[in-house]
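Working through the structure, step by step
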Amino acid sequence: MKFVKAAAALCAFLSPALAADTVDIREWKVPYENSRPRDPFAESATSVWFVGQRTGYLANLNTETGDIYKIDLPEGEGPHNLIVGSDGIVWYAGNRTGVIGRFDPKTKEIEEIPMPDEAARDPHTLIFDEGEENIWFTVQGGNFMGRLNIESRDVDLIPSKTERSRPYGIKTAPDGAVWVDLFGTNKLAHIDPQTLELTEIVLPREDARPRRLEITGDGRVWYGDYAQGMLGVYNPKTKTFKEWAMPQGENSRPYGMASDSEGRIWLVATGVEPNVFVGFDPETEEFFSRTEVPSGGGVIRHMHFHEPSGAVWFGTDTNYVGRAVVEPPVTD
């Protein structure tokens, strides 16, 4: 399998004062043309699952051999995102058919779980809660957030309080609370996992558009402002915000985000070509790492951190699946 490997040079426009370390990025070319491989999820250092949004498949990459095998999904599924349980079951968002799908790699069987309301037409991003009892998810166009109980297959839908709010990125906090970016607004949403009560938090700037988010061990909620090129953080304890301008400028379009085991924030500036993989240290409050994506990236939409291997995984619109090694792997 063809791949691109580079500890890429710094962006030419960065001044010497902004010089910073790069990370090692390796990319595997996906053989299914123009399929938009995205949202890879590493179940191990050698086995990585991803979806092909445009052409409707699940796929698995073996990082040791470079082999990729594909599972075609039901017609029109439009898979947008996937997650893999500790039992090896792959769950995916059927973005065009209003379902959450379940794929068993052992039996090769696919189960589709429909939304209980036709208005929830486009499941978007999925996450597990801590015990993998539930899958929480967003429904961007339908304007819902939801919870799927894995055992019973029951689905609870939570309508957004704001019209056309476009629920997008979603994460769980250390206390079990669920947080969501409302991409169509300048708001975050907080969901109580017990009562399903929804609370909206307004960002300081009216024109901000948060798209993805991460939550660090201290409970702070980090978001990328896609509209104005900012990285921001909300502290639920103090109800305060703080923001930093991206090094790539107002049109940097921060999109995919991840947080590593040290609580550092990683995000990708997708408004520049090539896309730039950026690190931010919450302790020093400084951007400390910038690496150009070797394939260009096109747009990197979502990222997943696999702690045992110290790697952040991403998919690109240039038809690659990529791995950025951001910290040493865990060894016995």
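A quick note: this is a predicted structure, and the numbers were derived from the prediction, not measured.

Turning our eyes to something else, we now look at empty space enclosed by the protein. Counted by the stated rule, this structure contains one cavity of 30 Å³ or more. A volume near 50 Å³ is recorded for the largest cavity. Lining the largest cavity are Thr125, Gly169, Ile170, Lys171, Arg212, Leu213, Glu214, Met257 and His302. For the lining of the largest cavity, the residue count by class is three nonpolar, three polar and three charged.

Attention now moves to the layout of surface pockets. In this structure, the largest pocket spans a volume of roughly 1300 Å³. As for the largest pocket, its lining consists of 44 residues, of which Ile127, Phe128, Asp129, Lys171 and Thr172 are closest to the centre. Partitioning the lining of the largest pocket into residue classes produces 18 nonpolar, 15 polar and eleven charged.

Turning to the packing of aromatic side chains, a few remarks are in order. Following the criterion strictly, the structure yields 19 aromatic pairs and no others. Centre to centre, the rings of Trp222 and Trp244 are 5.7 Å apart; their planes meet at 15 degrees, and the pair counts as stacked. A residue pair is termed long-range when its members are at least 10 positions apart, and Trp222 in strand β20 (residues 221–225) and Trp244 in strand β22 (residues 240–245) qualify at 22 residues. The pair Trp222 / Trp244 is uniform in exposure class, with both members buried. Relative to Phe288, the ring of Trp266 has its centre 5.3 Å away and its plane inclined at 75 degrees; by these criteria the two rings are edge-to-face. Taken together, the residues Trp266 in strand β24 (residues 265–269) and Phe288 in strand β26 (residues 286–292) connect sequence positions 22 residues apart. Judged by its relative accessible area of 25%, Phe288 is partly exposed.

What follows deals with the sheet that holds strand β14 (residues 155–159). Strand order in this open sheet of four strands is β11-β12-β13-β14, and the pairing throughout is antiparallel. Each having just a single partner strand, β11 (123–128) and β14 make up the two edges of the open sheet. Pairs of neighbouring strands in the sheet enclose a mean axial angle of 20 degrees, with direction left out of account. The pairing of strand β12 (residues 134–139) with strand β13 (residues 144–149) spans six bridges and is antiparallel. When the bridges of β13 are listed, Ile135 appears paired with Leu148.

Turning our attention to the pattern of salt bridges. In this structure the tally under the stated criterion is 16 salt bridges. Across the pair Glu111 and Arg153 runs a salt bridge whose closest N-O atoms are separated by 3.0 Å. Taken together, the residues Glu111 in strand β10 (residues 109–114) and Arg153 in the loop between β13 and β14 connect sequence positions 42 residues apart. Judged by its relative accessible area of 28%, Glu111 falls in the partly exposed class. Ionic pairing is found between Arg147 and Asp156, a salt bridge with its closest N-O pair at 3.0 Å. The exposure class of Asp156 is partly exposed, given its relative accessible area of 31%. Through salt bridges with shared partners, a single ionic network connects Asp260, Glu262, Arg264 and Glu327.

Reading across the sheet, the four strands line up as β3-β4-β5-β6 and stay open at both edges, with antiparallel pairing between neighbours. With one partner strand each, in any of the chains shown, β3 (37–42) and β6 (68–72) form the two edges of the open sheet. Geometrically, the sheet is characterised by an average inter-axis angle of 25 degrees between neighbouring strands, direction not taken into account. Here β3 pairs with strand β4 (residues 47–52) via four bridges, running antiparallel. Each bridged residue has a counterpart across the sheet, and for Phe41 the counterpart in β4 is Trp49.

Right, let's talk about unusual backbone geometry for a bit. Between Glu273 and Pro274 the backbone carries a cis peptide bond, its omega angle lying at 0 degrees. The phi torsion at Asn143 lies on the positive side, around 70 degrees, for a residue other than glycine. Looking at the element boundaries, Asn143 is found in the loop between β12 and β13.

Our focus in this paragraph is the environment of Val51. If you trace the backbone, Val51 turns up in strand β4. Accessibility expressed as a relative area gives 0% for Val51, which makes it buried. Between the alpha carbons of Val51 and Pro37 there is a distance of 5.6 Å; along the sequence they are 14 residues apart. Excluding its chain neighbours within four sequence positions, the residues that come into contact with Val51 are Arg36, Pro37, Arg38, Tyr57, Leu58, Pro79, His80, Asn81 and Leu82.

Counting all residues, the mean pLDDT for the protein is 94, and 94% of those residues have values of 70 or more. Predicted confidence is poor over residues 1–19, with pLDDT under 50, and the contacts of this stretch with residues over four places away or in other chains come to 42 contacts.

Another aspect to go through is the pairing of strand β16 (residues 178–182). Within β16, five of the five residues are buried, leaving the element largely enclosed by the surrounding structure. Residues Val178, Val180 and Leu182 line one face of β16 and the alternating positions Trp179 and Asp181 line the opposite face, and both faces are buried. Connecting strand β15 (residues 167–172) to the antiparallel partner β16 that follows it, the hairpin turn spans five residues, and Gly176 within it adopts a positive phi of roughly 90 degrees.

The rules behind these values
- Residues numbered from 1 in each chain as written.
- Predicted model: local features only at pLDDT ≥ 70, side-chain atom pairs only at ≥ 80, totals over all residues.
- Heavy atoms only, no water.
- 1 Å grid on protein atoms, 1.4 Å probe; cavity = no way out; pocket = protein on both sides within 12 Å on 5 of 7 lines; lining within 4 Å.
- Points joined across faces, edges and corners; volume = space filled by probe spheres on them.
- Nonpolar A, V, L, I, M, F, W, Y, C, P; charged D, E, K, R; others polar.
- Phe/Tyr/Trp six-rings, centres within 6.5 Å; stacked < 30°, edge-to-face > 60°.
- Helix = DSSP H or I, 4+ residues; strand = E, 2+ residues; numbered from the N terminus.
- Buried < 20%, exposed > 50% of the residue type's maximum accessible area, 1.4 Å probe, protein only.
- Pairing = 2+ DSSP bridges.
- Axes fitted to C-alpha atoms, helices over the stretch in contact; angles between N-to-C directions.
- Salt bridge = Lys/Arg side-chain N within 4 Å of Asp/Glu carboxyl O.
- Contact = heavy atoms within 4.5 Å.
- pLDDT = per-residue confidence, 0-100.

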